[in-house]
Amino acid sequence: MKKRIAGMLLTCLIAFSATVGLTESRATAAAPDYSDAVGHVVLDSWVGPHMTDEAYREYAECGYNRVHFNNTSVHVLGGSSEADYRYLGEKLDTHFTLAEKYGIDVILAMNAINMNETSPTPFEWVDKTYHDTLQKWKDSDTFCGYMPNDEPTFALSLVGQDESRLQRDYEKITDYILDEYIYFKHNYPGKKFEVVLLGDINRGETMAYQKAGLETYEEYLGYYYDNVMQYMPYEDRVWSMDRYPFSIKNDGVSYYIRDGFISSLEDLGYMAEATHGEKWTYVQNHTNVLNKESVLYQYYTAMAYGYTNFVTYCYRDAWSSGGCSIDELGRRTDNYYYYQAAHKEIKSFENVYMQFVDDWKGVLVCNGSESTIDESDKPWATATKLLSSYEGIRNFTATQDALIGIMRDGNGYDGYMLSNQVYPFGNTENTVSVTFADAEAALVYTKGQPVQTVPLDNGTLTVTLSSGGGAFVIPY
């Protein structure tokens, strides 16, 4: 099995890499015009707002346009009587109504099981129990999709303990996921279906999927593809994962970036490219988010890999984690304002960025001339698919560690997402210089400012990235 999975993945990646290698940069004489460009990144969250108009307005003002309905807000598995179910159905309808009012769409995840749960209640029961509410919203864009499983390890069997809730046994959890997909898509066509996968292994750690005999992250992704994803048409394929970057060393003081963060973005990103799927990732907010810069670092790094959907974990503190944007009493924390500012910056060029994500090429990295981080401790230290060069770039230097994500729009213009890779817990800027092939000027989107048209000096652009910051550059 491992050899077959590895072979499938290798074949996909070779084909994708070959496409990148044969692609030439296209120097284009005229300045590109994105004044009519449309599109937006999805800004989502886990544990969303309470069921009040004020809470939803506050959520929208923070920049969000999607929310996961978890059992922390819509507890549809609670209760046992018809009266209970009527009440819970009314709550679900109220949440939908408030979301629609504020331009927010919804992923249903109230019955999603986590990696340790072994008795799932299928969506069929939810559908039958709350049928009137779900049918009311079935044809609305506000009802976006369904998520049945969070962080499956593929190491556990499932046991049906409650026949009244249509629970049943499954030897393989992927059979349950596939059944959920078939039922949901048959009854609610055109909507998203998401399973949140685990991330890559940090050095010195183990991951729960290794108990299933899946020794590497690529094997884990390949297992999901073989058992679930390959049976989906391209338009239904969503690759989603969580791997959070920030932690504190054993001294209890020093922050660092886990090496599994970028390698997860890389492996899942290449898998999504090879199998024609969307790229979704979760964003850290429950611990170790100290400033706006630590939020922006996560967005800009993932966007260098062409990600388009971002789920804040968590927006609201429901488990006394001490982080999040809304505390247990419903009050805004500092994190609310960090995320609000980061969202404002990302939204300033999202319509342009979205013109490029369908033709992503890969990532280049640069060791900063003033960086004090050892090579073995770089955030990309365990990434294995970094590009060694790209024909559109002649030279790339930086004072601090940096990376460039490379992508192309439908008219042949190359776009480059620059991301500052210095730890975003201080205020260290990064002066980045990139020499582009056959380019005389560039459009530069950075720091939330209006686009700047910058003349190049012999093809060279020099831009200063703020701590945790980035810039989206289109040379011509």
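Structure shown above.
Read on for a plain summary of the structure.

## A short note on the nonpolar core
Item 1. Within the largest apolar cluster, 131 residues are counted, with the highest numbers of intra-cluster contacts made by Phe-69, Leu-108, Tyr-224, Trp-239, Tyr-299 and Phe-472.
Item 2. By residue number, the principal contributor to this core is helix α9 (residues 292-304), which donates 8 residues.
Item 3. Discounting chain neighbours no more than four positions away, the residues touching Phe-472 are Phe-349, Val-352, Tyr-353, Phe-356, Met-407, Gly-415, Tyr-416, Met-417, Leu-443, Val-444 and Tyr-445.
Item 4. By size, the runner-up hydrophobic cluster in this structure holds 15 residues, among which are Ile-107, Val-196, Tyr-282 and Val-311.

## Considerations on the pairing of strand β9 (residues 278-284)
Item 1. Within β9, 6 of the 7 residues are buried, which leaves the element mostly enclosed by the surrounding structure.
Item 2. Where strand β6 (residues 238-241) meets β9, 4 bridges bridge the pair, whose relative direction is parallel. From the neighbouring strand, Trp-239 faces β9, where its bridge partner is Lys-279.
Item 3. As judged from the 5 bridges shared by β9 and strand β10 (residues 309-313), these two strands associate in the parallel manner. Residue Trp-280 lies in a different strand from β10, and its bridge partner there is Asn-309.
Item 4. Note on the crossover from β9 through α9 to β10: the handedness is right-handed.

## Quick notes on the sheet that holds β9
Item 1. Spatially, the 8 strands line up as an open sheet ordered β1-β10-β9-β6-β5-β4-β3-β2, and their pairing is parallel. Both edges of this open sheet fall to β1 (42-46) and β2 (66-69), since each of them pairs with a single strand only. The sheet shows a mean angle of 25° between the axes of neighbouring strands, direction not considered.
Item 2. In the sheet, β1 pairs with β10 via 5 bridges, with the strands oriented parallel. The partner of Ser-45 across the bridge, within β10, is Thr-312.
Item 3. Where helix α6 (residues 173-187) meets the sheet, it contacts β4 (143-150) and β5 (192-197), and its direction lies at approximately 165° from that of β4.

## Remarks on the layout of surface pockets
Item 1. Of the voids in this model, the largest pocket is the one considered here, and its volume is about 440 Å³.
Item 2. Taken together, 21 residues make up the lining of the largest pocket; nearest its centre are Gly-277, Glu-278, Lys-279, Thr-308 and Asp-358.
Item 3. When residues of the lining of the largest pocket are traced back to their parent elements, those giving at least two are α8 (260-275) and β9.

## Structural notes on empty space enclosed by the protein
Item 1. Taken as a whole and assessed by the stated rule, the structure comprises 2 cavities of 30 Å³ or more.
Item 2. A volume near 40 Å³ is recorded for the second largest cavity.
Item 3. Around the second largest cavity sit Asn-114, Met-115, Glu-117, Pro-152, Thr-153, Phe-154, Ala-155, Leu-156 and Ile-173, which together line it.
Item 4. Each residue belonging to the lining of the second largest cavity can be placed in one class, and the counts come to 6 nonpolar, 2 polar and 1 charged.

## As for the packing of aromatic side chains
Item 1. Tallying each qualifying case throughout the model produces 47 aromatic pairs.
Item 2. When the ring of Tyr-170 is compared with that of Tyr-176, the centres are 5.5 Å apart and the planes differ by 70°; the resulting orientation is edge-to-face. Of the two residues examined, Tyr-170 and Tyr-176, each falls in the buried class.
Item 3. Ring pairing ties together the aromatic residues Phe-69, Phe-96, Phe-123, Trp-137, Phe-143, Tyr-146, Tyr-181, Phe-184, Tyr-188 and Phe-193, which thus form one cluster.

## A look at unusual backbone geometry
Excluding glycine, most residues fall at negative phi; most peptide bonds, likewise, are trans.
Item 1. Geometrically, the link from Tyr-313 to Cys-314 is a cis peptide bond, its omega value of 0° lying close to zero.
Item 2. With respect to the helices and strands, Cys-314 occurs in the loop between β10 and α10 (334-347).
Item 3. Positive phi is not limited to glycine here, since Val-47 has a value of about 65°.
Item 4. Among the structural elements, Val-47 can be located in the loop between β1 and α2 (53-61).
Item 5. Unlike most non-glycine residues, Asn-458 shows phi in positive territory, near 55°.
Item 6. By the secondary structure assignment, Asn-458 is in the loop between β17 (452-455) and β18 (460-465).

## Quick word on the pairing of β2
Item 1. Residues Arg-66 and His-68 point to one face of β2 and Val-67 and Phe-69 to the other, with burial holding for every one of them.
Item 2. Two elements, β2 and strand β3 (residues 105-108), share 4 bridges in a ladder whose sense is parallel. In the strand pairing of β3, His-68 is matched with Ile-107.
Item 3. For the crossover that starts at β2, traverses helix α3 (residues 82-101) and ends in the parallel β3, the hand is right-handed.

## With respect to the side chain of Thr-446
Item 1. Position of Thr-446 among the secondary structure elements: in strand β16 (residues 441-446).
Item 2. Relative accessible area serves as the criterion here: at 9%, Thr-446 is assigned to the buried category.
Item 3. At 2.9 Å, the side chain of Thr-446 forms a polar contact with the backbone oxygen of Gly-470.

Criteria and thresholds
Residues numbered from 1 in each chain as written. Predicted model: local features only at pLDDT ≥ 70, side-chain atom pairs only at ≥ 80, totals over all residues. Heavy atoms only, no water. Core = buried A, V, L, I, M, F, W, Y, C linked by side-chain atoms within 4.5 Å. Buried < 20%, exposed > 50% of the residue type's maximum accessible area, 1.4 Å probe, protein only. Helix = DSSP H or I, 4+ residues; strand = E, 2+ residues; numbered from the N terminus. Contact = heavy atoms within 4.5 Å. Pairing = 2+ DSSP bridges. Right-handed = clockwise from strand over helix to strand, strands pointing away. Axes fitted to C-alpha atoms, helices over the stretch in contact; angles between N-to-C directions. 1 Å grid on protein atoms, 1.4 Å probe; cavity = no way out; pocket = protein on both sides within 12 Å on 5 of 7 lines; lining within 4 Å. Points joined across faces, edges and corners; volume = space filled by probe spheres on them. Nonpolar A, V, L, I, M, F, W, Y, C, P; charged D, E, K, R; others polar. Phe/Tyr/Trp six-rings, centres within 6.5 Å; stacked < 30°, edge-to-face > 60°. Polar contact = N/O pair within 3.5 Å; in protein donor to acceptor, adjacent residues only side chain to side chain.

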